[in-house]
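Each chain, written out:
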Amino acid sequence: MEHDIEQEKRVAATASADLVEDGMFVGLGTGSTVAYLIPALGRRRLDISCVATSPATATSAAAEGLRVGPFEGIDRLSIAIDGADQVDGNGWLIKGGGGAHTREKIVAAAADRFVVIVSSNKLVEHLTPPVPLEIMAFGLDSVIRALPGVVLRGAPLTPDGGVLADYHGDVEDPEQLAARFGATPGIVGHGLFPPAMVSVVLVGRGDRAEAIRPGG
């Protein structure tokens, strides 16, 4: 089963790499499925410029010969490719198990196309907790008090100085919950990504990739 899941990740990642063309500005996500994307892109030897959402991704991409630079002086990306922890039937995502969700969302929002790559076990009928959060260190306890169900990870700070946590409360209405997170001072970013942000979800199924378009 584990072998099948890894194969599905590889298939979805390879299919997404085929969408990248010479001259593109490419946003690279973070995680175990993106780990298959990076060498697939490297093998294509394209003339592209990449922005990485984490130091780990930047290091891996550079090792594969990809040109990686800071997300500065660039106001849009041609395409962003990233994995997800969950994808529900309406196209909502939970991302951020690796703690890079704030940067991942910035990159996804800046891209003309946001392509999500997952194995079939990431498809769910309804989202379930936890939802990753990045919280400012300043006033941390007050933020936790305002959001019952938040548990700190005890992980190192993010590259941007944020504290990682997870929300273990109800996720029945992701749109309402996303609005609640957005209205809570001190929440830097959360792992709920709306369907409108997603261009296509590439799902590995056996030895092929299936394209799912939210709302389609």
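Everything below is about the structure printed above this text.
Residues numbered from 1 in each chain as written. Predicted model: local features only at pLDDT ≥ 70, side-chain atom pairs only at ≥ 80, totals over all residues. Heavy atoms only, no water.

Trainee: Help me get a handle on the packing of aromatic side chains, residues and values and all.
Mentor: With the rule as written, the count across this model stands at two aromatic pairs. Ring plane angle 35° and centroid distance 6.3 Å describe the contact between phenylalanine 114 and phenylalanine 193, whose orientation is recorded as tilted. You can see phenylalanine 114 sitting in strand β7 (residues 111-119) and its partner phenylalanine 193 sitting in strand β12 (residues 192-193), a full 79 residues away along the chain. Under the relative-accessibility criterion, phenylalanine 193 is labelled buried at 0%. Its end group placed over the ring of phenylalanine 193, lysine 105 keeps NZ or CZ at 4.8 Å from the ring centre. (Phe/Tyr/Trp six-rings, centres within 6.5 Å; stacked < 30°, edge-to-face > 60°. Helix = DSSP H or I, 4+ residues; strand = E, 2+ residues; numbered from the N terminus. Buried < 20%, exposed > 50% of the residue type's maximum accessible area, 1.4 Å probe, protein only. Lys NZ or Arg CZ within 6 Å of the ring centre and 35° of its normal.)

Trainee: How would you explain a negative patch on the surface if you had to name every residue and give the values?
Mentor: On the surface, Asp170, Glu172, Asp173 and Glu175 cluster together into a patch of negative charge. By the secondary structure assignment, glutamate 172 is in the loop between β10 (163-167) and α6 (174-182). (Patch = residues over 30% accessible without salt bridge, like charges linked within 9 Å, V, L, I, M, F, W, Y side chains within 5 Å. Areas by Shrake-Rupley, 256 points an atom, 1.4 Å probe, with all protein chains shown as cover. Salt bridge = Lys/Arg side-chain N within 4 Å of Asp/Glu carboxyl O. Lys, Arg positive; Asp, Glu negative; His and termini not counted. Charge placed at Lys NZ, Arg CZ, Asp CG, Glu CD.)

Trainee: I'd like to hear about the sheet that holds strand β14 (residues 208-212), residue by residue, with values.
Mentor: What the seven strands build is an open sheet, ordered β3-β2-β1-β4-β7-β13-β14; its pairing is mixed. Only two strands of the sheet have a single partner each, and these edge strands are β3 (67-68) and β14. Here strand β4 (residues 77-82) pairs with β7 via five bridges, running parallel. In the strand pairing of β7, isoleucine 79 is matched with arginine 113. Sitting on the sheet, helix α2 (residues 34-44) is in contact with β1 (25-28), β4 and β7, with an inclination near 135° to β4. (Pairing = 2+ DSSP bridges. Contact = heavy atoms within 4.5 Å. Axes fitted to C-alpha atoms, helices over the stretch in contact; angles between N-to-C directions.)

All quantities given are derived from atomic positions and should not be read as evidence of function.
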